[in-house]
Every structure is written in structure tokens, then in C-alpha cells.
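Working through the structure, step by step
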Amino acid sequence: MSDLLTTPFPGEKRRGSWRGIVKAQDNNEMTGEAGSGLTYPALLGVLGGGQLARMTGEAASRLGVELAVMEKEPGSPAARIAAREVVGGWLDFDQLAALAEGTLAVTLENEFVDVATLEWLEAHGFVVYPTARTLALVQDKYEQKRFMREAGAPVVDCAPVASVEDVERAGAAWGWPLALKGRHGSYDGYGNATLRGPSDIAPAFARLGFPARALYVERWAPFTRELAVMVARGRDGAIAVYPVVETVQRDHICHIVRAPAPGNAAVIERAASIAQRAVEAIGGVGVFGIELFESPDGEVLYNEIAPRPHNSGHYTIEGCVTSQFENHVRAVLGLPLGATTMTAPAVVMVNTLGVRNGPAEARGMARALAVPGAHVHVYGKLASRLGRKMGHVTALGATIEEAEATARAAADALDL
Ligand code: AIR
């Protein structure tokens, strides 16, 4: 099993020895004294038109920056608040040119964009962040983990899968259960399976669509909770790290985010440091969401990085001095990053997922809006689907319990 990464969790031992740091493209024309202005109309191109693009647009708008949005279907949530809507697939180069023309920079809001799309934009002289290089380093989750591990991050053992035998060998080496995961395009737990033994392999292959979908297998990592950190990195390499948060998933989808994550200060510090180093290792520019696991013995394990604003950072809109979306805009435009300090001792975000299939309708809105202190966000998706992310609620408080009670009360009232 030459491809198996068989070292046990390296944890602390590897800290301080990160290798393979990619230098950012230092294209910093707007942060210097001489060029510290924007010219208007100022357009930011975004590949993807979902809620992340829409919230990026809200933040951009306050800086006088408007969005050009490209999505496969017309009428996406972000397109409806954008100055320019372009409809097309990622490799529709005429439409890509139409998106990028006249923009200050082009960014993305989901990592399913083709690397070739970013390469085409870069080759045609457009400013693109995150870069094609950065996206290429993270898009294949197996390669991402291998890269991060080689760079010194504490990453759980994993191996690519080409056959049933590969998984059986992993089981023999690491024991059962194992996690079988999609290498591309899986988020919110879509495309993952738990294997309790060899007889689970064939059904999991069928369910996950192997071999059409490439898979990798991962050693089972018992963890006590999930942590996440948003990190913003500017074109000049400046770093702004947000507070470490605790995330709670329900059916593999982010359900609650608690900020700051309660718990041992050393654990929190380690999580922040792993996240910062991960973004530096890939030469990231923009904001990045890093998901981590805390193990029962207080180790912190790297799970994955998203090269974009992230659900675990929605709390920053009201909960931090500068939101993840504003810092994303600042970073990709070459503007100075803003403070990531929290605006309250405790902030909690609760997601509101679709409870029916059909045209979207914000039932319960009046009751949700009547909850004092609840910041209600509805993404304006035209169709609801069971489990689809339709909105979220954030509340600030003196304690996590207080904030959570407020956020839950409003989220429970919403019926999207
Ligand atoms: N998204 C991207 N990667 C992960 C997530 N959650 C966001 C992006 C994308 C939207 O989810 O904003 O455009 C797609 O949501 P949906 O409900 O249409 O699948």
C-alpha cells in the first residue's frame, strides 16, 4: 500500500515544520499609499450565484462595489442583487469574458468551479483570487489532504481508492469503521459513507457512484467536536484570523455555530494556528474556511479547507467588526483587511433548512422577526428543498446560552 499515509496522527510533533509554502502572487496595487482608491463603477466578478455570493454582494455594496455574477441558471440569489448577470457553464469562455470584462477582480463562491476556468481568466489578463494554483491544490480532497500533510498539518491517514481491494487493505491497516469519501464536489456530507466492514464496500460504491465518482478512504478519527476557523489573507500576505468556533452538524449539514468555541485555550490556539498555516501553505488570497476535529485526547486534526466564505463564518456579519464577506472583498481587491474582533462576548448562528419541496415561501417570518435580538437572513432561493440551506439566524449575547436561545427561537419560528 505504497500510497497509504500510515504515520499516526502527527499532532504537535509536526508543528513549526510546515513545508511547501507557496508564495502568494503579490499583486498589491491598491494597498499602497499611491493607489489606495477604487474607481467607480467598481465591479467584482463572482463565479457562482448562491447565498455566499449574495452575502458577498451585500458586503461589497457597502464599499460601493457591485457584483457581476455568473451561474448556470438565471435568477440565482446573487444575480438578483447584482449589477451584471451572466448565465453559462464554467467552460463557456464567451460568457466568462462577459463576466470578467471591466471587473477589478474575479473570485468564486464555490469550489466546484473548474481550475481551467480560473486558468483561462488568468491567461487573459484578468485578476483572479483565489488563484488557479490555490484552487488546484484544494479541489481534490485527497490531494488536498496529502498536500497539507506534507506541509506538516495534522491530517488523518487516507488513501486513494481504485478498487474494493484498496479499501480492504485500508481496513486491514487501520481497522474498521472507515470513512469513504468523494474526492470532488462533495460538501455538506453529500458523497460520504461509513464502512463498518468489508461487506459495506460494494453497496457504498454503488451509492456514491464509483467509479464515475473518484473516492478516497480515510481512517476513522474519533472526535469529540468539530471546530472551524475563518482566515482572511490579503494579496500582500497580511493575515486576519477569526475566532475559532464550535460547529454542530445535523445530518452532515452545519446546524449551529458557537463563537467563540468554548474550551481549553491551548486547543483553541492550536486550531487557529493550523488554520492560518493551511491558508499560507496554499498561498491563499481571500477568505478560507478551515474545518477541524478535536480528538478525545485534546489533539486538533485538520479536516478540510474551503477556498471561499463558509457557513461557519456567517456569524461574523453581526458578530465581528469586519465580516468574512467584507474581508473577502477587501482581500481579493487588494484593500487592507479589517479587524476580526467579536462585537459581543458570545455569538450563535443557527441554519434554517428547507422543510418542504416546492416554491419557496418564508412562512413564520413575522414570528421570527419578532424575536428581539435575532438577525434573520433569508437567501431568496426561489425553490425550497428538504434540507436545502434557505437562511440563517444570528444572535449576540453575554453568554453562548443566551445567544443560542435567541437564535433558536427565531430559527424555529421560520418554516421555509
Ligand atoms: N455553497 C458552496 N459550497 C458550499 C456551499 N454551501 C453555497 C454557494 C452555492 C450555494 O451554496 O453559495 O452557490 C448552492 O446552494 P444550493 O442550495 O443551490 O445547492
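Residues numbered from 1 in each chain as written. Predicted model: local features only at pLDDT ≥ 70, side-chain atom pairs only at ≥ 80, totals over all residues.

Backbone hydrogen bonds are what pair the strands of a sheet, in a parallel or an antiparallel way. The strand order across the open sheet built from four strands is E5-E8-E6-E7, with neighbouring strands paired in antiparallel fashion. The strands lining the two open edges of the sheet, one partner per strand, are strand E5 (158-161) and strand E7 (192-195). Averaged over all pairs of adjacent strands, the angle between strand axes in this sheet comes to 25°, irrespective of strand direction. Helix-sheet contacts for helix H6 (residues 164-174) involve E5, strand E6 (178-182), E7 and strand E8 (215-219), and the interaxial angle to E6 is about 145°. (Pairing = 2+ DSSP bridges. Helix = DSSP H or I, 4+ residues; strand = E, 2+ residues; numbered from the N terminus. Axes fitted to C-alpha atoms, helices over the stretch in contact; angles between N-to-C directions. Contact = placed C-beta atoms within 7 Å.)

With that settled, the discussion passes to the domain arrangement of the protein. Entries for the protein in the domain assignment read domain 1 (26-138) and domain 2 (157-219). Summarising the inter-unit geometry, the C-alpha centres of domain 1 and domain 2 are found 34 Å apart. (Domains from an automatic or database assignment.)

Two elements in contact, helix H2 (residues 93-100) and helix H3 (residues 115-123), have axes separated by 11 Å at closest approach and are oriented at 60°. Judged on the interaxial angle alone, H3 and H2 are oblique. For H2 against H3, the interelement crossing comes out right-handed. Within the contact between the two elements, H2 uses Phe 93, Leu 96 and Ala 100 and H3 uses Thr 117, Trp 120 and Leu 121. Along the lines of polarity and charge, the residues of the contact of H2 with H3 split into five nonpolar, one polar and no charged. (Parallel < 35°, antiparallel > 145°, perpendicular 65-115°, else oblique. Left-handed = near helix turned anticlockwise from the far one by under 90°. Nonpolar A, V, L, I, M, F, W, Y, C, P; charged D, E, K, R; others polar.)

Attention now moves to the packing of H3 against helix H4 (residues 132-139). Packed helices, taken two at a time, are described by the angle between their axes plus the distance between the axes. Axis separation between H3 and H4 bottoms out at 9 Å; the angle between their running directions is 170°. As the angle between them shows, H3 and H4 are arranged roughly antiparallel. Packed against H3, whose contacting residues are Val 115, Leu 118, Glu 119 and Glu 122, the element H4 presents Ala 132, Leu 135, Ala 136 and Gln 139 at the interface. Its residues assigned to classes, the contact of H3 with H4 shows five nonpolar, one polar and two charged.

Another aspect to go through is the nonpolar core. Among the nonpolar cores identified, the biggest contains 121 residues, and Val 69, Val 229, Ala 271, Ala 278, Val 393, Ala 407 and Ala 410 are the most heavily contacted of them. Among the elements that make up this core, the one with the highest residue count is helix H8 (residues 265-281) (eight residues). There are two domains that each give this core at least three residues, and those are domain 1 (26-138) and domain 2 (157-219). When near neighbours in sequence (up to four residues on either side) are disregarded, Val 69 contacts Val 46, Gly 49, Ala 53, Ser 76, Ala 78, Ala 79, Ala 82, Glu 85 and Val 86. (Core = buried A, V, L, I, M, F, W, Y, C linked by C-beta atoms within 7 Å. Buried ≥ 20, exposed ≤ 12 C-beta atoms within 10 Å, placed from the backbone.)

What follows covers the sheet that holds strand E4 (residues 105-108). If you trace the four strands from one edge of the open sheet to the other, you get E3-E2-E1-E4, paired in parallel fashion. Whereas interior strands pair on both sides, the edge strands pair on one side only; in this sheet they are strand E3 (84-87) and E4. Averaged over neighbouring strand pairs, the angle between their axes works out to 25° when direction is ignored. The sheet contact formed by strand E2 (residues 65-71) and E3 spans four bridges and is parallel. Counterpart to Ala 68 in the pairing with E3 is Arg 84. On the sheet, H2 packs against strand E1 (42-47), E2, E3 and E4 and is oriented at approximately 170° with respect to E3.

It is a general feature of regular strands that their side chains alternate between the two faces of the sheet. The buried fraction of E2 amounts to six of the seven residues, a majority that puts the element mostly inside the structure. Following the chain from E1 across helix H1 (residues 51-62) to the adjacent parallel E2, one finds a crossover that is right-handed. (Right-handed = clockwise from strand over helix to strand, strands pointing away.)

Before going further, it helps to spend a moment on the environment of Arg 367. Tracing the sequence through the fold places Arg 367 in helix H11 (residues 365-369). Sequence spacing of Arg 367 and Arg 277 is 90 residues, and the spatial spacing of their C-alpha atoms is 43 Å.

So, on to the pairing of strand E19 (residues 389-397). Burial within E19 is extensive, with eight of its nine residues counted as buried. Here eight bridges tie strand E15 (residues 346-353) to E19, and the two strands are oriented antiparallel to one another. Note that in E19 the partner of Val 347 across the bridge is Leu 396. As paired strands, strand E17 (residues 374-378) and E19 are joined by five bridges and run antiparallel to one another. Within the sheet, the bridge partner assigned to Val 378 lies in E19 and is Gly 391.

A cis amide bond links Tyr 40 to the next residue, Pro 41, at an omega of 0°. Residue Pro 211 is reached from Phe 210 by a cis peptide bond, and omega for that bond is 10°. Positive phi, normally seen in glycine, also occurs at Asp 251, with a value near 50°. Relative to the assigned elements, Asp 251 resides in the loop between strand E11 (245-250) and strand E12 (253-259). For Asp 251, a count of 9 C-beta atoms within 10 Å corresponds to the exposed category. A positive phi angle is found at His 252, which is not glycine, with a value near 70°. Its location among the elements puts His 252 in the loop between E11 and E12.

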